[in-house]
Amino acid sequence: MSEETPRIGVYVCDCGINIGAVVDVPAVVSFASGLPAVAVAREYKYVCSEPGQEMIRKDIKESGINRVVVASCTPRMHEPTFQNAVAEAGLNPYCLQMTNIREHASWISQDDKAATEKAKRLVRAAVARVALHEPLESRTEKVTPAAMVVGGGIAGIQAALTTADGGYKVYLVEREPTIGGHMAQLDKTFPTLDCST
Amino acid sequence: MMDAGRHPNIELLTYSEVEEVSGYIGKFQVKVRKKARHVNAELCTECGLCQEKCPQKTIPSEFDQGMGKRSAIYVPFPQAIPRVPVIDTERCTYFLTQKCRVCEKLCPAGAIDFEQEDETLELEVGAVIVATGFAQFRAEELPQYNRSLSPDIIDGLQFERLSSTTGPTEGEILTSEGVPPKRVAIIHCVGARDEHSNVYCSRVCCMYALKHAHLVRDKTDAEVYEFYMDIRASGKGYEEFYTRVQEEDVYFVRGRAAEVTVLEDGQLMVLAEDTILGKPVSAKVDMVVLGSAMVPQGDSGQVASTFGIGRSEDGFFLEAHPKLRPVETNTDGVFLAGACQSPRDVPDTVAHADAAAGRCLSLLSRGEVTISPTVAVVDERLCSACRVCIDLCPYTAISFISQDGSGTARINEALCKGCGTCVAACPAAAIKARHFTDGQIYAEIVGLLHGSEHEVAEVTG
């Protein structure tokens, strides 16, 4: 796929008024349309919503978009959302780039012009980067079906019992000669005053 | 406790410590050192004769917070699991002087083994739950409470032992003179909400202090004075419990106790400001219970580095996200349960532990883990075998593969987090970070600075 010509879709989010009230989103969209390799650029109120994601999927399937830029909030929040969305449409999830025009533009400025200018720069950077993205594949590894619980107080005992009840082998490691921890030292426990051991 | 001892899927490794952890989510290799008990657990019938006959009987019991006594070969408390005794080699007459061996002579099962050595086990597990608990704040650190001046100035855990039927007084609340107290002061926030010790609220102390007041009123005729700043009773049934204790004729004094002094006749005096009356007050009592805070275990720094987990400013272990990932850590596959993460009471600890078990079970039952492809890779043709990257890697993900006198660095993709340290450090530019290639990063910078005064020339590669 790295050999094919990039056809980039840019999706600029209003995030309600979070971005839209400060950044001139239509201006960013029009700017993005003129960038190299950008085939389509759109504005949407909430790109993370189901119709917003569907818009991206539709462009991938129908317009042959093979690289996606979402200009919205922090990728810490929604990168997995959009990676899944593009993957559902058959695009490799690493052909996506998010750029943060909320925390890095609209939320940190009361100067609409400056915020819009910065949003454009961020979009241009993301477009330039995504053109060079290569599809990457995740690997899977087997999980050893056993757990270790370190500490044999009330927390360790409870965690060990619940995990062991699920059918898995549990090693419960305790440095003292007996399990029980501080809980075993307690007389009655509030508020019901029942015994601790 | 008993359920854990009997569960067919749980292997108890008591008197054991984790020495080393390697590997990664789904496949951790853990070295556990089983310390020598000097008692053969397979032969021991748990009859208790050794403990009874041991001539060393005056060792302060850790379980009874130093208020009771134990022998050199001992079971910490009657309901211990397992009930196999252990020899305290620092106190045992034989280990100190090479004489005695009374327990060995009397043991009907021949289970005593002075020659027993520590054993190291190597175990492989898919997930680890760290549940190493808390320590109690040492009230000695606050000189105004004069803890060391009187045996009747005790802390929360000592009160628990005093009130417990398995404790040194078989559950009777008695002063060091062996008589029931006539007046008891209970002091809140010792080592908590205090810039001289810990700024955090330890969350459990208000409720246990109320419980202590209830137990004193229930078991003795003593008057009880609670010195508090605020009563924090926010839990199911907690406010109701507070109301109940108020109705048990406990005197509540709103104000942090400023000082505890020991009078000439051995009685104790608590000085405070009652902030509701706006006056200094004092109370002459026979017993002071210090409501000590929960603090991190003394070795929590070392435990954190063994398991690759972080700590927050207060020293407790750090969760991956305070709201969304409260039992996960920044090391995938290592979870936190209970008071090692933050002070919490029994109901909250059980809930937190079940949450950790839930995350652990979802990992184990999934059967496989997805390894992100955004890791570093070595171009083995370019690697000059200098090994600079190996020591720099914070995740010990790089190893050196020897090949006919030379060799190459190789990255374990399951351990690599894609941080890029090795990529930047490699003098031969032999390491590439997938998804963060130089070309991609430069393209981003060029795009960002285009047309500005900082504009940079396009770079290829």
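Note that the structure is a prediction, hence the values are computed from the model and not measured.

A few points about the overall build of chain A
- A tally of helices and strands in chain A yields five helices and nine strands.
- Its C-alpha atoms give chain A a radius of gyration of 26 Å, clearly above 16 Å, the size a compact globule of 197 residues would have.
- The principal-axis extents of the C-alpha atoms in chain A amount to approximately 70 × 45 × 25 Å.
- Within chain A, residue pairs in contact and separated by at least 24 positions form 66% of the contacts whose partners lie at least 6 positions apart.

Looking at the nonpolar core
- Grouped together as the largest cluster of nonpolar side chains are 131 residues, with contacts concentrated most on V149 and L172 of chain A together with I129, V130 and V288 of chain B.
- The biggest single contributor to this core is helix α6 (residues 205-219) of chain B, with nine residues.
- Setting aside its immediate chain neighbours within four residues, V149 of chain A contacts G156, A159, A160, V170, L172 and V173 of chain A together with I129 and A131 of chain B.
- Ranked by size, the runner-up nonpolar core spans 47 residues in total, among them I8, V10, C15 and I65 of chain A.

A short note on the interface of chain B and chain A
- Taken together, the contacts link 88 residues of chain B with 64 residues of chain A.
- The greatest single-element share of the side of chain B that touches chain A, amounting to 14 residues, is contributed by helix α9 (residues 346-366) of chain B.
- Its residues assigned to classes, the side of chain B that touches chain A shows 48 nonpolar, 25 polar and 15 charged.
- Across four bridges, strand β6 (residues 146-150) of chain A lies against strand β9 (residues 127-130) of chain B in parallel orientation. Residue A147 of chain A lies in a different strand from β9 of chain B, and its bridge partner there is A127 of chain B.

Here we look at the packing of helix α1 (residues 25-33) of chain A against helix α4 (residues 112-130) of chain A
Residues and elements named next belong to chain A.
- Two elements in contact, α1 and α4, have axes separated by 10 Å at closest approach and are oriented at 35°. For the crossing formed where α1 meets α4, the hand is right-handed. Judged by residue contacts, A27, V28, F31 and A32 of α1 engage T116, A119, K120, V123 and V127 from α4.
- Here the contact of α1 with α4 is composed, by residue class, of seven nonpolar, one polar and one charged.

Brief notes about the sheet that holds strand β11 (residues 153-155) of chain B
Residues and elements named next belong to chain B.
- The parallel open sheet is built from five strands, whose spatial order is β11-β18-β12-β13-β14. Two strands bound the open sheet, and with one partner strand each, they are β11 and β14 (251-254). Adjacent strand axes in the sheet meet at a mean angle of 20° when their direction is disregarded.
- Looking at chain direction, strand β12 (residues 183-190) and strand β13 (residues 223-228) are connected through five bridges and run parallel. Among the inter-strand pairings, A185 is bridged to a residue of β13, identified as Y225.

Regarding the sheet that holds strand β4 (residues 96-100) of chain A
Residues and elements named next belong to chain A.
- On the basis of which strands lie adjacent, the open sheet formed by four strands has the order β2-β1-β3-β4 and parallel pairing. Each edge of the sheet is formed by a strand with only one pairing partner; in this case those strands are β2 (38-44) and β4. Along the sheet, successive strands turn relative to each other by an average axial angle of 15°, direction set aside.
- Direction of pairing for strand β1 (residues 8-13) relative to β2: parallel, over a ladder of six bridges. Bridged to V10 within β2 is A41.
- Against the sheet, α1 engages β1, β2 and β3 (67-72), with an angle of about 170° to β2.
- Relative to β4, helix α3 (residues 75-88) is tilted by about 150°, and along the sheet it contacts β3 and β4.

Here's the deal with the confidence of the model for chain B
- Of all residues in chain B, 99% attain a pLDDT of 70 or more, and the chain-wide mean is 95.
- As a predicted assembly, this complex carries a pTM of 0.86 together with an ipTM value of 0.91.

Structural notes on the environment of T132 of chain B
- Mapped onto the elements of the fold, T132 of chain B is located in the loop between β9 and β10 (134-136).
- Sequence separation between T132 of chain B and C107 of chain B is 25 residues, and the spatial gap between their C-alpha atoms is 34 Å.
- Excluding anything up to four places from it in sequence, T132 of chain B contacts V150 and G151 of chain A together with Q297, V303 and C340 of chain B.

Some words on the domain arrangement of chain A
- Domains assigned within chain A are domain 1 (8-130) and domain 2 (146-195).
- A straight line from the C-alpha centre of domain 1 of chain A to that of domain 2 of chain A covers 49 Å.

Details of α9 of chain B
- Spanning 21 residues, α9 of chain B covers 30 Å between terminal C-alpha atoms, matching the ideal 30 Å at 1.5 Å per step.
- Every buried residue of α9 of chain B is accounted for by V346, T349, H352, A353, A356, A357, R359, C360, L363 and L364 of chain B. The buried residues of α9 of chain B occupy an angular sector of 160° when the element is viewed end-on, so they sit on one face. Across α9 of chain B from its buried face, at more than 90 degrees, point the exposed residues S362 and S365 of chain B.
- In this structure, the buried residues of α9 of chain B make contact with β6, α5 (154-165) and β8 (188-189) of chain A together with β9 and β20 (334-336) of chain B.

Remarks on helix α5 (residues 156-163) of chain B
Residues and elements named next belong to chain B.
- Within α5, seven of the eight residues are buried, which leaves the element mostly enclosed by the surrounding structure.
- Those residues of α5 that fall on the buried side of the exposure criterion are G156, Q158, F159, E160, R161, L162 and S163.
- Buried residues in α5 make contact with β10, β11, α6 and β18 (287-292).

Quick word on the packing of α6 of chain B against helix α7 (residues 238-246) of chain B
Residue and element names in this part refer to chain B.
- Look at α6 against α7: their axes get within 10 Å of each other, and the N-to-C directions meet at 35°. When the axes of α6 and α7 are compared, the crossing they make is left-handed. Note on element contacts: α7 touches α6 through Y238, F241, Y242 and V245, opposite M207, L210, A213 and H214.
- Its residues assigned to classes, the contact of α6 with α7 comprises seven nonpolar, one polar and no charged.

Remarks on the environment of T81 of chain A
- Here T81 of chain A is to be found in helix α3.
- Placed 28 residues apart in sequence, T81 of chain A and Q53 of chain A show a C-alpha to C-alpha distance of 8.7 Å.

Criteria and thresholds
- Residue numbers run consecutively from 1 along every chain, following the written order of its sequence.
- Labels are handed out in written order, letters beginning with A for the chains and numbers beginning with 1 for the ligands.
- Only residues with pLDDT of 70 or above have their local features reported here, since the model is predicted, and side-chain atom pairs are shown and tallied only from 80 upward, although totals for entire chains, interfaces and linings are computed over all residues.
- Secondary structure follows DSSP: runs of H or I at least 4 residues long count as helices, runs of E at least 2 residues long count as strands, and numbering of each begins at the N terminus.
- For a compact globule the rule gives 2.2 Å times the number of residues to the power 0.38, and the radius of gyration it is set against comes from C-alpha atoms.
- The contact rule is simple: place each C-beta atom from the backbone, and if two of them lie within 7 Å, those residues are in contact.
- By definition, a nonpolar core groups buried Ala, Val, Leu, Ile, Met, Phe, Trp, Tyr and Cys residues that are joined through C-beta atoms within 7 Å.
- Residues are called buried when their C-beta atom has 20 or more other C-beta atoms within 10 Å, exposed when it has 12 or fewer, and partly exposed otherwise; all C-beta atoms are positioned from the backbone.
- Side-chain classes are defined by residue name, with Ala, Val, Leu, Ile, Met, Phe, Trp, Tyr, Cys and Pro counting as nonpolar, Asp, Glu, Lys and Arg as charged, and the others, Gly among them, as polar.
- A pair of strands is considered paired only if DSSP assigns at least 2 bridges between the two.
- To define axes, lines are fitted to C-alpha atoms, for helices over the stretch in contact only, and angles between the resulting N-to-C directions are given on a 0 to 180 degree scale.
- By definition, any crossing whose near helix is turned counterclockwise from its far helix by less than a right angle is left-handed, and any crossing with a clockwise turn is right-handed.
- Each residue carries a pLDDT score, the predictor's own confidence in it, on a scale running from 0 to 100.
- Domains are outlined according to an automatic or database domain assignment.
- Helix span, as expected, comes to 1.5 Å for every residue beyond the first.
- Here, the arc refers to the directions that run from the helix axis to the C-beta atoms.

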